[in-house]
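Structure assessment
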Amino acid sequence: MTRHFTAVMVHVQVEGVAEEVIFDHLHATAFQHSPLGRTILGPAENIRTLTRNDLVDYIQTHYTASRMVCSFHALTACLALHMLHDLYSA
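Computed from a predicted structure; not experimentally measured. Along each chain, numbering runs from 1 in the same order as the chain's sequence is written. This being a predicted model, a pLDDT of at least 70 is required before a residue's local features are given, and a value of 80 or more before pairs of side-chain atoms are given or counted; all residues contribute to the totals for chains, interfaces and linings. In computing side-chain values, all of the structure's heavy atoms are included and hydrogens and water are not.

Helix and strand assignments come from DSSP, with helices taken as H or I runs of at least 4 residues and strands as E runs of at least 2, each series counted from the N terminus. Per the secondary structure count, the protein includes 5 helices and 0 strands. Element order for the protein, N to C, with α for helix and β for strand: α-α-α-α-α. Buried means the residue's accessible area, taken with a 1.4 Å probe over protein chains only, is under 20% of the maximum for its type, while exposed means over 50%, and partly exposed covers the values in between. When the 90 residues of the protein are sorted by exposure, 7% land in the buried category. In this analysis, two residues are considered to be in contact whenever any of their non-hydrogen atoms come within 4.5 Å of each other. Expressed as a percentage of contacts within the protein between residues at least 6 apart in sequence, the contacts between residues at least 24 apart total 52%. Shrake-Rupley sampling with a 1.4 Å probe provides the accessible areas, and residues are treated as covered by the protein chains on show and by no other component. Of the roughly 7,900 Å² of accessible surface on the protein, 63% is carried by carbon and sulfur atoms.

In structure tokens form, the structure reads like this:
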């Protein structure tokens, strides 16, 4: 299943759930003139026009180690995440 197809299917599913639609409208009203008022997925027209290159470019630009946050709890998780940080943040 492609990411484009997945994004379209998620959007269709969300549009079919009354709670999701209500929350989208609530946020649009509560956060007017703010990015918080927009849906997470964006308008259906935008999703339908996305290309593979659009998605690859977005992922390569925004899903980078310098933009990620690691959070953990307990010593074991701390040591494991510290090792991962050292491995991928070079």
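Only residues whose relative accessible area exceeds 30% and that form no salt bridge are eligible for patches; like-charged ones are grouped when within 9 Å, while nonpolar side chains (Val, Leu, Ile, Met, Phe, Trp, Tyr) are grouped when within 5 Å. Salt bridges are defined as contacts in which a side-chain nitrogen from Lys or Arg sits within 4 Å of a carboxyl oxygen from Asp or Glu. A contiguous nonpolar patch, built from Tyr-58, Tyr-63 and Met-68 and spanning about 380 Å² of accessible area, is present on the exposed surface. One can find Tyr-63 in the loop between helix H4 (52-62) and helix H5 (75-88). Exposure remark for Tyr-63: the relative accessible area of 55% places this residue in the exposed category.

This brings us to the confidence of the model for the protein. Averaged over every residue, the pLDDT of the protein is 76; residues scoring 70 or more account for 79%. As a per-residue quantity, pLDDT reports the predictor's confidence and falls between 0 and 100. The secondary structure element of the protein with the lowest average pLDDT is helix H1 (residues 3-15), at 59, and the one with the highest is H4, at 87.

On to unusual backbone geometry, then. The phi angle at His-33 is positive, at roughly 60°, despite the residue not being glycine. If you trace the backbone, His-33 turns up in the loop between helix H2 (18-30) and helix H3 (44-49). Its relative accessible area of 85% is what places His-33 among the exposed residues.

So, on to the environment of Thr-64. Secondary-structure assignment places Thr-64 in the loop between H4 and H5. Since its relative accessible area comes to 23%, Thr-64 is described here as partly exposed. For the pair Thr-64 and Ser-89, spaced 25 residues apart in sequence, the C-alpha separation works out to 9.4 Å.

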